[in-house]
Structures are given as structure tokens and as C-alpha cells.
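# A look at the structure
One letter stands for each residue in the lines below.
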Amino acid sequence: MKTRTLYTFCVLLLVGIVFAATKGPLTTTYLHISETDQSEEASDIAFDKMMDVLTHQRCVNCHPNDHIPKQGDDSHPHYFDVVRGDANLGYQATNCNTCHQSQNNPYSGVPGAPEWSLAPHSMRWEGLNRIEIAESMMDPKRNGGRTPEETLHHLTEHELVLWAWEPGVNADGIPRELPPVSKEEYIKAVKTWFKEGHRIPTK
Amino acid sequence: MKISMHVNDKLHSVDIYDENTPLLWVVRDILDLKGTKFGCGKAACGACTLLVDGEAVRSCSYAVKFANGKHITTIEGLGTKEDPHPVQQAWIEEVVPQCGYCQPGFMMATAALLNKVPNPTDDDIDKNIINVCRCGTYYRMRKAIHRAAELNASEASSTTQNS
Ligand code: FES
Ligand code: FES
């Protein structure tokens, strides 16, 4: 019985070796991915991750296409008829800093961060798709004359931008929704996208 | 945390356990200046408006830590009975208040507005004076704001003539 089992095993092994040697996957069935393609793929993945954040209400609420800041997870118009004003800071005497300070207020639920203000009208993102936002963001005529390095800095180091991950609680004491990507992952994605040449995927 | 601030031109030092305590509580409960009112506690009504370095601030939503080293003006420091601020004088002349609860906040917001826009239009008033008055004294307030601007201007011109 033992001899027969050993015999069967050897035969199967031999058949396996012969099959593998003759019918193994042909090298021609592999797709060769060039380095350019690999980098484009990495860039596109990073782009998507970055845009998952930039299209979130935590960002778009302050990049409105009209002159009205938006509030909340439902992006309703800012209460009390607050509008942009001449310097993106509201009106002369009643302005952003009448209520918003440089940190969130845990008791009133009023959010705050350094340089709390609306993005200038040229940087309006509300209603744009991902590609249009990227085009606007990289266009010095619309992005406040920023170089790509400066845009990278704004996206990854500006405290007002990073506030999105520490948005505090709302007036009912309920934590505000965070962007769908963690801060660390987002920063990594933005850096990758810029390193790979900040290529905007084709429409 | 120790906070030093000038309130109505007087230096006050207070020791506060929670640095995020609203400035409103410190002004009312520690400094015993009850003119500044609590309405909503959510920066929505303006009853708690006072001036921080001349700017209108809703003190229910202003952590006391930010007041360190600043100059705070409350309604008690705006003027005196003998020498009322133009805003207070105008408020008296136009008999603005009904229950009165919201009025200090409106007057402080108006004082801040006149610092920035000495002769505000109705539109300036609509945009900048967005406090809430449950008694609906808005109509008289508007008249008083224009009157305060006039008083301010005449005060300024008499100061210039006398100098
Ligand atoms: S109590 Fe501060 S705004 Fe209402
Ligand atoms: S006078 Fe009563 S709330 Fe304004």
C-alpha cells in the first residue's frame, strides 16, 4: 500500500514538473507597465484621495461660488445674513472675528482657527467638479498668484486648512463631520500628487 | 491661568481654572459688571456684545484666555450718567428700550460700527447690527443709530473747534 502511494506521488510530481516546464504562463501574458504609467497611476490615486478631501464641505463651505459662506454638514447659507464683505472677512463692524476666534469654542460650538476668513471669490470651488477645482487651484490667476510650491504649502500646512480635521463641535455639542480621508493620508497624497508633477487627470 | 486685562480702563487680574471660560462669565460673575447680558450662549443673539480693543466681540463665545493683555469695554465703561457716550445719549433721546435686555449688546455693536463707519447708511446698519431684540425695537434703534452718528459728528467738530 505504501509503495503504491509513493509511486502515485512520484508520477504526479513528474507530470507536474513536465506541465510546469512546458505549459507555464508565457512571459508574453504579462503586461509591461512602464515607469511613466506607474507614476501616472500613483498620481491619479493621490489625486482622487486629495479630491475626496477638497470636495468635502469642510473645505467647500469656505470656497463658495457666491458671496455667502456656508455652514454645517448640510452647507446651508451662513446664518444672520453674513456675507463676504470687501476683505473676505464680513462687514466693517460685524465680521468673522466678532464670533470666530483662533480656536474652536467648545462651549458655544463656534468654530475657529487662525486667519478665519472666506477664500477669495477667485478661489470659488462650490459647484465645480474635481478637475475644475484642480485647474482653479493650480491657476495663478485664480489661486492668488501662488506657485505650485505655495499651493502645496497651503494645502498641507495652512492651519485653517488643517482645521478640517479638528473642526470641533457644533452649537448642539455634536462633533462636526471629518473629511473622508485621514489628515496623514491626505498630506501624503497631496505631496505625492505634486511630486509626480501635479497632473490633472483628463476629463 | 492668570489673566490680566484692562476692563473699562481699569487693570484686573483674575485666576481662572478653565482658560476657555467665556469672557462673559468673568465680566458678569467675577468683575460684577452685570450690564453685559447672556442671551443664547452660542454667538447668535448679540446680547453679550462688548468691545475688545475697540472691536465688537460676542463674549459668550470668547474664551477668557484671549482677553489676556487686551482692553475690554463694557456698557458700564462706554460713558457715564453725567457724560453719556453719543450712543447712550441717542438711545435716551429716542427712548429705544422696551424690556431693555438686549439693549447693551446693541449699543456696544453700534459703538463699534460708528468707530468704523461714522455716518452709517440704513444698509450699513442692516449689515452690521444683526443682534436680536425680542421686543422688536429695531425701528427706534435705527433712528437712534443715525442720531448717535449726528451727535458723534457734532462732538468731533466741537472738539476740533476747541483745539
Ligand atoms: S449670548 Fe452671546 S450672542 Fe447670545
Ligand atoms: S428691548 Fe426687550 S429684547 Fe430688546
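Below or above, wherever it landed, is the structure these notes cover. Remember, it's a predicted structure, so these values are computed and weren't measured experimentally.

## Here's the deal with the interface of chain A and chain B
Listed by partner, the interface residues are 18 residues for chain A and 26 residues for chain B. Both faces combined, the contact of chain A with chain B buries some 1900 Å², and carbon together with sulfur accounts for 54% of it. Ranking the residues of chain A by area buried against chain B places Phe80, Gln92 and Tyr107 of chain A at the top, with a combined share of 28%. Viewed at the interface, chain B and chain A are joined by zero salt bridges. Where chain A meets chain B, there are eleven residue pairs in polar contact (both at pLDDT 80 or more). In terms of residue class, the side of chain A that touches chain B is built from eight nonpolar, ten polar and no charged.

## Some thoughts on the layout of surface pockets
Residues and elements named next belong to chain A. Computed from the structure, the largest pocket encloses a volume of approximately 880 Å³. Gln71, His78, His100, Pro111 and Arg176 are the residues nearest the centre of the largest pocket, which is lined by 44 residues in total. Within the residue set of the lining of the largest pocket, elements represented by two or more residues are α3 (57-60), β1 (70-71) and α4 (96-99). Its residues assigned to classes, the lining of the largest pocket shows 21 nonpolar, 15 polar and eight charged. Around the second largest pocket, the lining is made up of 21 residues, and of these His63, Ala119, His154, Leu160 and Val161 lie nearest the centre. Going through the elements one at a time, α3, α6 (148-157) and α7 (159-162) are the ones with two or more residues in the lining of the second largest pocket.

## Some remarks on the pairing of strand β2 (residues 10-15) of chain B
Residues and elements named next belong to chain B. Note that strand β1 (residues 2-7) and β2 share six bridges and pair antiparallel. Along β2, the bridge assignment pairs Ile3 with Val14. In this structure, the hairpin formed by β1 and β2 is closed by a connection of two residues, where Asn8 is found at a positive phi of approximately 50°.

## So, unusual backbone geometry
Of all residues except glycine, most have a negative phi; of all peptide bonds, most are trans. Positive phi is not limited to glycine here, since Glu115 of chain A has a value of about 60°. Here Glu115 of chain A shows up in the loop between α4 and α5 (130-138). Residue class for Glu115 of chain A comes out exposed when judged on its relative accessible area of 59%. Despite not being glycine, Asp32 of chain B has its phi angle at roughly 60°, a positive value. One can find Asp32 of chain B in the loop between α1 (23-30) and β3 (49-52).

## Regarding the side chain of His78 of chain A
Residue and element names in this part refer to chain A. Looking at the secondary structure, you find His78 in the loop between β2 (76-77) and α4. Polar side-chain contacts of His78 include one of 3.4 Å to the side chain of Gln71. In this structure, His78 is in contact with Ile68, Pro69, Lys70, Gln71 and His100, ignoring residues within four places of it in sequence.

## Concerning the sheet that holds β3 of chain B
Residues and elements named next belong to chain B. Taken in spatial order, the five strands of this open sheet run β2-β1-β5-β3-β4, and their pairing is mixed. Lying at the two open borders of the sheet, with one neighbouring strand each, are β2 and β4 (55-58). Within the sheet, the average angular offset between the axes of one strand and its neighbour, ignoring direction, is 40°. Packed on one face of the sheet, α1 meets β1, β2, β3 and β5 (71-73) and runs near 100° to β3. Its contacts with the sheet put helix α4 (residues 103-116) on β3, β4 and β5, and the angle it makes with β3 is roughly 40°.

Calculation rules
- Residues numbered from 1 in each chain as written.
- Chains lettered and ligands numbered in written order.
- Predicted model: local features only at pLDDT ≥ 70, side-chain atom pairs only at ≥ 80, totals over all residues.
- Heavy atoms only, no water.
- Contact = heavy atoms within 4.5 Å.
- Buried area = accessible area lost by both parts, 1.4 Å probe.
- Salt bridge = Lys/Arg side-chain N within 4 Å of Asp/Glu carboxyl O.
- Polar contact = N/O pair within 3.5 Å; in protein donor to acceptor, adjacent residues only side chain to side chain.
- Nonpolar A, V, L, I, M, F, W, Y, C, P; charged D, E, K, R; others polar.
- 1 Å grid on protein atoms, 1.4 Å probe; cavity = no way out; pocket = protein on both sides within 12 Å on 5 of 7 lines; lining within 4 Å.
- Points joined across faces, edges and corners; volume = space filled by probe spheres on them.
- Helix = DSSP H or I, 4+ residues; strand = E, 2+ residues; numbered from the N terminus.
- Pairing = 2+ DSSP bridges.
- Buried < 20%, exposed > 50% of the residue type's maximum accessible area, 1.4 Å probe, protein only.
- Axes fitted to C-alpha atoms, helices over the stretch in contact; angles between N-to-C directions.

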